Amino acid sequence: MIRVLVVDDELMVRSWLRMILESAGDISVVAEAGDGEEAVAAAARCRPDVVLMDVRMPGTDGLAAAARIAASPGAPKVVMLTTFDLDEYVHEALRAGAVGFLLKDTPPRDLATAVRTVAAGNAMLAPTVTRRLISAFTERRHPSKTGDARRLLGELTDREHEVVLAVARGLSNRQIGRELSMTETTVKAHVSRALAKLHLANRVQAAILVHEAGLL
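All figures in this text were calculated on a predicted structure; none of them were measured in a lab. (Residues numbered from 1 in each chain as written. Predicted model: local features only at pLDDT ≥ 70, side-chain atom pairs only at ≥ 80, totals over all residues. Heavy atoms only, no water.)

J.: Hey, could you run me through the packing of helix α2 (residues 36-46) against helix α3 (residues 62-70) in this one?
T.: Relative orientation and spacing of two packed helices are given, respectively, by the angle between their axes and the distance between those axes. Contact pair α2 / α3: the axes reach a minimum separation of 8 Å and the direction vectors enclose 20 degrees. Between α2 and α3, the crossing angle belongs to the class labelled roughly parallel. In the crossing of α2 with α3, the sense of the turn from one axis to the other is right-handed. Along its contact with α2, which presents Gly36, Glu37, Ala39, Val40 and Ala43, the element α3 presents Ala65, Arg68 and Ile69. When grouped by side-chain class, the residues that make up the contact of α2 with α3 number five nonpolar, one polar and two charged. (Axes fitted to C-alpha atoms, helices over the stretch in contact; angles between N-to-C directions. Helix = DSSP H or I, 4+ residues; strand = E, 2+ residues; numbered from the N terminus. Parallel < 35°, antiparallel > 145°, perpendicular 65-115°, else oblique. Left-handed = near helix turned anticlockwise from the far one by under 90°. Contact = heavy atoms within 4.5 Å. Nonpolar A, V, L, I, M, F, W, Y, C, P; charged D, E, K, R; others polar.)

J.: Mind showing me how you'd approach the packing of helix α9 (residues 173-180) against helix α10 (residues 184-198) here?
T.: Relative to each other, α9 and α10 sit at 105 degrees, their axes nearing to 8 Å. What the angle tells us is that α9 and α10 run roughly perpendicular. For the pair formed by α9 and α10, the contact residues are Asn173, Arg174, Ile176 and Gly177 on the first element and Glu184, Val187, Lys188 and Val191 on the second. Taken together, the residues of the contact of α9 with α10 break down into three nonpolar, two polar and three charged.

J.: What am I meant to see in the pairing of strand β2 (residues 27-33) here?
T.: Working note: regular strand, side chains alternate between the two faces of the sheet. The pairing of strand β1 (residues 2-7) with β2 spans six bridges and is classified as parallel. Along β2, the bridge assignment pairs valine 4 with valine 29. For the crossover from β1 across helix α1 (residues 11-22) to β2, the handedness is right-handed. (Pairing = 2+ DSSP bridges. Right-handed = clockwise from strand over helix to strand, strands pointing away.)

J.: So what exactly am I meant to see when it comes to helix α5 (residues 108-119) here?
T.: Side chains three or four residues apart in an α-helix point the same way, a direct result of the helix having 3.6 residues per turn. With 12 residues, α5 ought to run about 16 Å at 1.5 Å a step, and its terminal C-alpha atoms sit 17 Å apart, in line with that. Among the residues of α5, those classed as buried are Leu111, Ala112, Ala114, Val115 and Val118. One side of α5 carries all its buried residues, which in axial view fall inside an arc of 155 degrees. The elements touched by buried residues of α5 are β1, α1, β2, β3 (50-54), β4 (77-82) and β5 (100-103). Directly after α5, the chain includes glycine 121, whose backbone phi takes a positive value near 95 degrees. (Expected span 1.5 Å × (residues − 1). Buried < 20%, exposed > 50% of the residue type's maximum accessible area, 1.4 Å probe, protein only. Arc of directions from axis to C-beta.)

J.: I'm lost on the nonpolar core in this one. Help?
T.: The tendency in soluble globular proteins is for nonpolar side chains to be buried side by side. Grouped together as the largest cluster of nonpolar side chains are 45 residues, with contacts concentrated most on Val4, Leu21, Leu52, Met53 and Met80. Discounting chain neighbours no more than four positions away, the residues touching leucine 52 are Val4, Leu5, Val6, Val7, Leu21, Val79, Leu81, Leu102, Leu111 and Val115. In this structure, Leu153, Val167, Leu198 and Leu209 belong to the second largest nonpolar core, which totals 22 residues. (Core = buried A, V, L, I, M, F, W, Y, C linked by side-chain atoms within 4.5 Å.)

J.: Sorry, what's going on with the pattern of salt bridges here?
T.: Tallied over the entire structure, the rule returns 11 salt bridges. Close ionic contact of glutamate 22 with arginine 18 constitutes a salt bridge, the shortest N to O distance being 3.3 Å. Pair noted here: glutamate 22 and arginine 18 are both in helix α1, with a separation of four residues, about one helical turn. The partly exposed category is assigned to arginine 18, whose relative accessible area is 26%. Linking arginine 18 and glutamate 32 is a salt bridge whose minimum nitrogen-to-oxygen distance equals 2.7 Å. (Salt bridge = Lys/Arg side-chain N within 4 Å of Asp/Glu carboxyl O.)

Take a look at the structure:
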């Protein structure tokens, strides 16, 4: 079972998310929280695999809570629940370690699929909302930031560089393997080494770096 923590200040939203997720059969909502402080405590107590985190909540908001949870040892995957008008804030959450987004009107089947995707270790880069967010904020990149990003990426081997560019395009390990004629295991090893060299926590942060470098 995939263990999920649902965080939203609205009880009805939490109830809806719980009902949808638990109807999937392989997902269990192990805890709920109504604000960021409760979320941090619940994540430490229940050790979920995935946290669905609302962005805007009273008190400690979802951004601050996401950063604290993502920085904890053995951290769960944090996915932000958002709407387009909160793009700027969610971009900051990505930098803090969140691995993707869900819109609150996501269809039930897609919601469960998204949870399975991040639980399996894949970032949610394919959905339009994610591409839009990354593009919107990297379009305004400062020249010095672009140079810094390119210098970091220059530390990678040619193969690692190819793999990271494919990650930034939203490809899964299987798709990258087919495109670059490698096994999934080899792709995974390249991704892990590249993230370590770049001092990044996940594939979403790698995608942002590639966009900041102006390579996509």
